[in-house]
Structure formats: C-alpha cells, structure tokens
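# Results of the structural survey
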Amino acid sequence: MTSLQEPAKHLKAQGMKPGGRRPAKELCSECGLCDTYYIHYVKEACAFLNQQIAELEAEAHGRSRNLDNWDDVYFGVHQDMMQAKKKQPIEGAQWTGIVSTIAIEMLNRGLVEGVVCVQNSKEDRFQPQPVIARTPEEILAAKVNKPTLSPNLSILEQIEQSKMKRLLVIGVGCQIQALRAVEKELGLEKLYVLGTPCVDNVTRAGLQKFLETTSKSPDTVVYYEFMQDFRIHFKHEDGSLETVPFFGLNTKELKNIFAPSCLSCFDYVNSLADLVVGYMGATFGWQWIVVRNQTGQEMLDLVGDLIDTQPVITQGNRKQAVQQSIPAYDKAVTLPMWAAKLMGVVIDKIGPRGLEYARFSIDSHFTRNYLYVKRNHPEKLEAHVPDFAKKIVEQYHLPNS
Ligand code: FAD
Ligand code: SF4
C-alpha cells in the first residue's frame, strides 16, 4: 500500500537528465516519472520496483480483482464490457478513433482543462512527444499509436505548474500505475484516466529493427497492428495494406527487440484506468471497451451517440495453441512463409475469437513473461508477478529452467 503523505516534499527533488540510468535499471519502461521531481516517489510508484496493482485497484475502483471470477482475473475490475466502433471513424486513427473522440468530447464539454496524450516529433512519425493538449486539434495531432516506449509522465511537472484542476490522462499500463501512485500529489480536483492495453513495446531503435525485418517497405509504414486474424497489418503512406502472418515472423532476429520492461509486464489490460479502449477482446473491425468504474461510464456516455456497440462474444478454445506456443517461442522457431500462411488460415478458421482471442494473447504473453522474470530476475518473481497473473500461468506446463 502506498503512503504518500508528504505534500510538496517532492518539490525539492530533481528529475533525471535524458539518458541517465533510471532506478529500475534495465527494467525501466521510460514512463517519464523519473524525468520530473516526482522521482521522489519512485520506490513506491514505479511499476517495476513496486508492483501494487491490487492495492491501487482498490483505491481507483473501490475493490481489487475477485480471483474467483475468471473474467476479473483476465480483464481486471469492470462493470461493463462491449464491442464498439465510431459511426464515422477518424481518418488516420489507430482503429476508429474512439480514444481521440472521448478526449475531444471531454475537453469540449468542459469536463477537463487539458488532456495528456502523445504526439510525434516533427522529424519522425514514430518518435513520441508527450503533451498536455488544450484544443481538439492538439488531441487529434496525437491520434494513432507511437509503438515505442513513451515518457508520458514527463509532463507531470507542467500539470502542477499549469494550475489545472481537471485533467484527462491517456496512457498505457506502466504509465498509469505510476500515475495512480502519485495521483494525490498532483493537486488535482479530478483525474480521469483513459487507458489502452499494451504489450511487446520496443525502443525506437527496436521498432526500426522490427520494421526492417518484417515489412517490405519499412520507411513508408504509417501504422501497424497485430490483428485478430493472426497477421500483422502494415498500412503504408500510399494507403496500401501489407499483411504478414505472426507465425512467419523472424523470431530469432526479433526475440531480443522487446524492451525488458515489457517482457516483465503483467498489466496488459491496463488495470488502473477508468476506461480501457483496445481491440483484442472484439471481433475483427471492432474495438473492445472495458468500463472499470462509474467515472469510466461517465466518459463513455459522452460518445454514446457517436458509436455503434454490440455485446462481446467468446468462441473457440485457446489452451492447446497457448501450450504449443511456449516451447516454440523459447526455441525461436520460425516457420517457412508458406507454412506460416497455412497455419494462420487454419487458426483463423477454427481458432479463438472475441474474448477467447484476448485470453489467448494474455496467456501467451504472461507465460513468456513469467519465464523471463524467473530466468532473469528470480529474486523479483514472487513480489513482481501479481496473483491474478500467477493464476493464469498456473494453467500451463512451463519448462523447469
Ligand atoms: P486513437 O484515437 O488513434 O488514439 C490513440 C491514442 O494513443 C492517442 O491519444 C495517443 O496519445 C495514445 N498513444 C499513442 N502511442 C502511445 C504510447 N506509446 N504510449 C501511450 N499512449 C500512446 N490494444 C489491444 O487490444 N491489444 C494490444 O496488444 C495493444 N497493444 C498496444 C501497444 C501500444 C504500444 C499502444 C500504444 C496501444 C496498444 N493497444 C493494444 C491499443 C490499440 O492499439 C489502440 O491504441 C486502441 O484501440 C485505441 O484506438 P483508437 O483508434 O481509439 O485510438
Ligand atoms: Fe522511473 Fe518510470 Fe523508469 Fe520506473 S519505469 S524507473 S518510474 S522512468
């Protein structure tokens, strides 16, 4: 449990300079907290130094996950879940632009004075540039994923200096864990948190390697996503779509590109956001919405007229595919492209869909990450892996070493 009872003490601290080794060392996800004087709280707040999801869930949502309820175990505390898409998608958004639309509505209706989101640098479309957006145009300029580690919390000092009292923060799990831990110190009257799921993130250099290893035209990629059809979809500048089957990825080359933080993360579903918008629990073309609490419901209600919704579905059985993926990843097996395409087609026809696809993805990543922590940071295993993740991993047979 955090006890961050010393207001203003942090003002005496000083953020670290870019490039310095952060307190979490190689596990640092560059969330941005340590770039600010809130580094004062890093020992309690850092998701990689002090995993405290259950305690922070209780503070944010009024309760932590019920470990006897499998939906809670997998998807976190929630009061509603659905599939949704914008009636008029935002051109160039990652999916249909529900995240940007909620943020714009919150600003336009005066619920918040600013929105923490991530634009890109002028020189590089994938280089993250965290900002506090104060106009709809600035929010729209942050649409689409910057699929790299992003120091969103580096703007925390600006929040205090701006004297804003009502704020929306958009972010991924590690950023939101640290944010929740220092929430009481920010001097806000109301903080809204809009999260996305996140997995397998990379440094900017790692992203370049991934694009060069996987896409036929790395320099023209404007967007990519690991889709529910077991293919990566790359969209290029000229609007063309390139698809590559997951099973044909050059696993040997790519095994080392994922950031160590992401190989030891168990907060795929962004447990501490009020509202989560992703895609993996939805069928193809739809987004997946998880409403965690009443604040999240209030945020979603703002866009009720702008989205179509339908209930979530679940179909298929992931277990065998997950069990087989464990040694395959370990041995870095790469299938020849024709076999990869065939396997993709077969799995797409008979494989997991809807929530079962989300469980497939969570299981494969948690088993891999559990092994990573066990092998590389055995002293952290017990405290760092949350109980819900242990329960998920226990369903599978893992190699002993
Ligand atoms: P848009 O309206 O396009 O808005 C995107 C928002 O994301 C912007 O507000 C921007 O500020 C924010 N953003 C962009 N890059 C980052 C970043 N690096 N860190 C923090 N915030 C950022 N969903 C899944 O269901 N499964 C996944 O495995 C998954 N992996 C993801 C990995 C990453 C690195 C990110 C950033 C997102 C991931 N998502 C995942 C979420 C999904 O890809 C979409 O972002 C989400 O569905 C919202 O789509 P949208 O069209 O509504 O967003
Ligand atoms: Fe600091 Fe964030 Fe890195 Fe942890 S993950 S060491 S809080 S910058």
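The protein is annotated in an unreviewed UniProt entry as Coenzyme F420 hydrogenase/dehydrogenase beta subunit domain protein from Planktothrix serta PCC 8927.

Taken as a whole and assessed by the stated rule, the structure comprises 18 salt bridges. Two residues, E105 and R109, come together in a salt bridge whose shortest N-O distance is 3.0 Å. Residue E105 is classed as buried on the basis of its relative accessible area of 17%. Judged by its relative accessible area of 49%, R109 falls in the partly exposed class. Sharing partners across several salt bridges, the network here consists of D71, R318, E356, R359 and D363.

Bringing the layout of surface pockets into the picture now. Counted as a void, the second largest pocket has a volume near 480 Å³. If you go around the second largest pocket, you meet 29 residues; those closest to its centre are R22, C28, S29, E30 and C31.

Read from one edge of the open sheet, three strands run 6-7-8, paired in antiparallel fashion. With one partner strand each, in any of the chains shown, strand 6 (221–226) and strand 8 (241–245) form the two edges of the open sheet. Taken pair by pair, the neighbouring strands of this sheet meet at an average axis angle of 20°, ignoring direction. Looking at chain direction, strand 6 and strand 7 (residues 231–236) are connected through five bridges and run antiparallel. Following the sheet pairing, F226 is matched in strand 7 by I232.

The subject of this paragraph is the site of ligand 2. In the vicinity of ligand 2, the contacting residues are R22, P23, A24, C28, S29, C31, G32, L33, C34, V42, C46 and F48. Put simply, ligand 2 lies in the second largest pocket. Classifying every residue of the shell around ligand 2 by side-chain character gives nine nonpolar, two polar and one charged.

In the neighbourhood of ligand 1, 33 residues make up the surrounding shell, with W95, S100, N145, K146 and Y279 lying closest. Measuring from an oxygen atom of ligand 1, one finds a backbone N or O atom of V118 at 2.9 Å. Burial of ligand 1 by the protein chains amounts to 98% of its free accessible area of 910 Å². Broken down by secondary-structure element, the contributors of at least two residues to the shell around ligand 1 are helix 4 (98–108), strand 2 (114–120) and strand 9 (275–278).

The rules behind the values
- Residues numbered from 1 in each chain as written.
- Chains lettered and ligands numbered in written order.
- Predicted model: local features only at pLDDT ≥ 70, side-chain atom pairs only at ≥ 80, totals over all residues.
- Heavy atoms only, no water.
- Salt bridge = Lys/Arg side-chain N within 4 Å of Asp/Glu carboxyl O.
- Buried < 20%, exposed > 50% of the residue type's maximum accessible area, 1.4 Å probe, protein only.
- 1 Å grid on protein atoms, 1.4 Å probe; cavity = no way out; pocket = protein on both sides within 12 Å on 5 of 7 lines; lining within 4 Å.
- Points joined across faces, edges and corners; volume = space filled by probe spheres on them.
- Pairing = 2+ DSSP bridges.
- Helix = DSSP H or I, 4+ residues; strand = E, 2+ residues; numbered from the N terminus.
- Axes fitted to C-alpha atoms, helices over the stretch in contact; angles between N-to-C directions.
- Near = heavy atom within 4 Å.
- Sits in = over half its atoms within 2 Å of the grid points.
- Nonpolar A, V, L, I, M, F, W, Y, C, P; charged D, E, K, R; others polar.
- Polar contact = N/O pair within 3.5 Å; in protein donor to acceptor, adjacent residues only side chain to side chain.
- Areas by Shrake-Rupley, 256 points an atom, 1.4 Å probe, with all protein chains shown as cover.

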